[in-house]
Amino acid sequence: MAVHVIDHPLIQHKLSIIRDVNTGAKEFRELLEEVSMLMAYEFTRNFPLEEVEVETPVATANCKVVSGKKVAIIPILRAGLGMVGGILKLIPTAKVGHIGVYRDPETLQPIEYYCKLPPDLSERELILLDPMLATGGSAVAGIQFLKQRGATQIRMVNLIAAPEGIENVQAKHPDVDIYVAAVDDRLNSHGYIIPGLGDAGDRLFGTK
Ligand SMILES: O=P(O)(O)OC[C@H]1O[C@H](OP(=O)(O)OP(=O)(O)O)[C@H](O)[C@@H]1O
Ligand SMILES: O=c1cc[nH]c(=O)[nH]1
Ligand SMILES: [Mg+2]
C-alpha cells in the first residue's frame, strides 16, 4: 500500500536537529516526541468522523467527532518508546502495547524478546512505532507478531526510512501503510541508514 512522506516544514526543521551528532539525549528525546505528535496529526487524517449534536450555551451545533475508533499504539522497543508520549498527547485514549525486538549487530536479523499487547487487537487500528526503518527486519517481525495475534488494521510510523526497508515491508506486508518523515539514501555495510541519525535507541537513552 502507500508510503506517506510527511514533509511539513516544522517536521523537517526538527528532524534536522535530531540528526545532528551534537544534539544530546535530552534534546533528542524532546524533539522526537514533538515530531511524533506532528506526525500523528497527519497519520490520523483519514480517521472516520461521525456527526453529533452539541449544546452550546446558545444553540444546538451540528458537530463531528472521531467515530468510536479503537486505537492502540505499539512501540518497538527500545527506540519506539520515544514516539509514544507525543502520540498519546493527540490520542490520549489509545491503548499501548509493547514489542521488544533488537537487531543482531552481526547478522542484522531481528531478535524478539518481549511482547505485551492489548487483548482485542482484531478490533483496533494499530499504529506500530519505530523511529528507524533500516533493513525492515524489525518492522516485518513486529507486523508479523501483530497479525499472528489477530490484527487486521496496521499502519507503521517511522521517522527515517531507507528505501531497502520500505521495499522489504511492502513485499512482506503490502496491506500496511507506512508514514515517514524522510526517506534517506541507502544503508551502509553495517545496516545503518545513510545519512540517518546513528543508533536511535542509544541516542534516545544515552547508551552506547
Ligand atoms: O530495520 P532494521 O534493520 O531491523 O533496523 C531498525 C531497528 O534497529 C533499531 O533498533 P535496535 O536493534 O538498535 O534496538 P534498540 O532500539 O533497543 O536500540 C531501530 O530502533 C529499529 O528497531
Ligand atoms: O541507522 C540505523 C539503523 C538501524 N537502527 C538504528 O537505530 N539506526
Ligand atoms: Mg539501537
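Worth saying up front: this structure is predicted, and the values here are computed from it rather than measured. (Residues numbered from 1 in each chain as written. Chains lettered and ligands numbered in written order. Predicted model: local features only at pLDDT ≥ 70, side-chain atom pairs only at ≥ 80, totals over all residues. Heavy atoms only, no water.)

**Q** Residue-level account of the nonpolar core, with values.
**A** Core analysis: the biggest nonpolar cluster contains 36 residues, and F43, I73, L129, V157, L159 and L197 have the highest contact counts within it. Broken down by secondary-structure element, the contributors of at least two residues to this core are α1 (9-19), α2 (25-43), β4 (71-77), α3 (84-90), β8 (125-129), β10 (153-161), β11 (177-183) and α6 (200-205). Counting residues per element, this core draws most heavily on α2, which supplies seven residues. With sequence-adjacent residues up to four places away left out, V157 is seen in contact with M39, F43, M83, I127, L128, L129, D130 and Y179. Membership of the second largest hydrophobic core comes to 24 residues, among which are L117, A151, V176 and I178. (Core = buried A, V, L, I, M, F, W, Y, C linked by side-chain atoms within 4.5 Å. Buried < 20%, exposed > 50% of the residue type's maximum accessible area, 1.4 Å probe, protein only. Helix = DSSP H or I, 4+ residues; strand = E, 2+ residues; numbered from the N terminus. Contact = heavy atoms within 4.5 Å.)

**Q** Give me the lowdown on the pattern of salt bridges, citing residues and values where you can.
**A** One pass over the structure, following the stated rule, counts 11 salt bridges. Among the salt bridges present, the one from D202 reaches R78, with a minimum N-O distance of 3.1 Å. Of the two residues, D202 sits in helix α6 while R78 sits in the loop between β4 and α3, which places them 124 residues apart along the sequence. The salt bridge involving E125 is made with R155; its shortest N-O contact spans 2.8 Å. Of this pair, E125 sits in strand β8 while R155 sits in strand β10; the two residues are 30 residues apart in sequence, bridging distant segments of the chain. With respect to burial, E125 and R155 carry one shared label: buried. Through salt bridges with shared partners, a single network forms among K70, D120, E123 and R124. (Salt bridge = Lys/Arg side-chain N within 4 Å of Asp/Glu carboxyl O.)

**Q** So what about the UniProt feature "domain: Phosphoribosyltransferase" (unreviewed entry) in the protein? Which residues, and what values?
**A** In the numbering adopted here, UniProt assigns the feature "domain: Phosphoribosyltransferase" (unreviewed entry) to residues 5-207. With 32% helix and 32% strand, residues 5-207 has its two end C-alpha atoms placed 29 Å apart. (UniProt positions renumbered as here; feature names shortened; annotations may be inferred.)

**Q** Tell me about the site of ligand 1, residues and numbers included.
**A** Close contacts around ligand 1 come from 15 residues, with R103, D130, T135, G136 and S138 the closest. Within the contact set of ligand 1, an oxygen atom lies 2.4 Å away from a side-chain nitrogen or oxygen of D130. Between A134 and ligand 1, the recorded distance is 2.9 Å, taken from a backbone N or O atom to an oxygen atom. For ligand 1, whose unbound accessible area comes to 500 Å², protein coverage reaches 91%. Where the shell around ligand 1 is concerned, the elements lending two or more residues are β6 (98-103), β9 (132-133) and α4 (137-148). (Near = heavy atom within 4 Å. Polar contact = N/O pair within 3.5 Å; in protein donor to acceptor, adjacent residues only side chain to side chain. Areas by Shrake-Rupley, 256 points an atom, 1.4 Å probe, with all protein chains shown as cover.)

**Q** Before we move on, could you go through the pairing of strand β3 (residues 60-66) and cite the residues and values that matter?
**A** Across seven bridges, the pairing between strand β2 (residues 49-55) and β3 is antiparallel. Bridge pairing in β3 places E51 opposite K64. (Pairing = 2+ DSSP bridges.)

**Q** Can you tell me about the coordination of the magnesium ion (ligand 3), naming the residues and giving the values?
**A** Ligation of the magnesium ion (ligand 3) by protein atoms is provided by D199 (OD) and D199 (OD), these donors lying 2.4 to 2.7 Å from the ion. Of note, D199 is situated in the loop between β13 (193-194) and α6. (Donors = N, O, S within 2.8 Å, 3.2 Å for Na, K, Ca; no water.)

**Q** Give me the lowdown on the site of ligand 2, citing residues and values where you can.
**A** Within the structure, ligand 2 sits among R103, M132, A134, G191, Y192, I193, G198, D199 and A200. Between ligand 2 and I193 there is a distance of 2.8 Å, counted from an oxygen atom to a backbone nitrogen or oxygen. One of the backbone N or O atoms of A200 is found 2.8 Å from an oxygen atom in ligand 2. For ligand 2, whose accessible area on its own is 240 Å², the fraction buried by protein is 88%. In terms of residue class, the shell around ligand 2 is made up of five nonpolar, two polar and two charged. (Nonpolar A, V, L, I, M, F, W, Y, C, P; charged D, E, K, R; others polar.)

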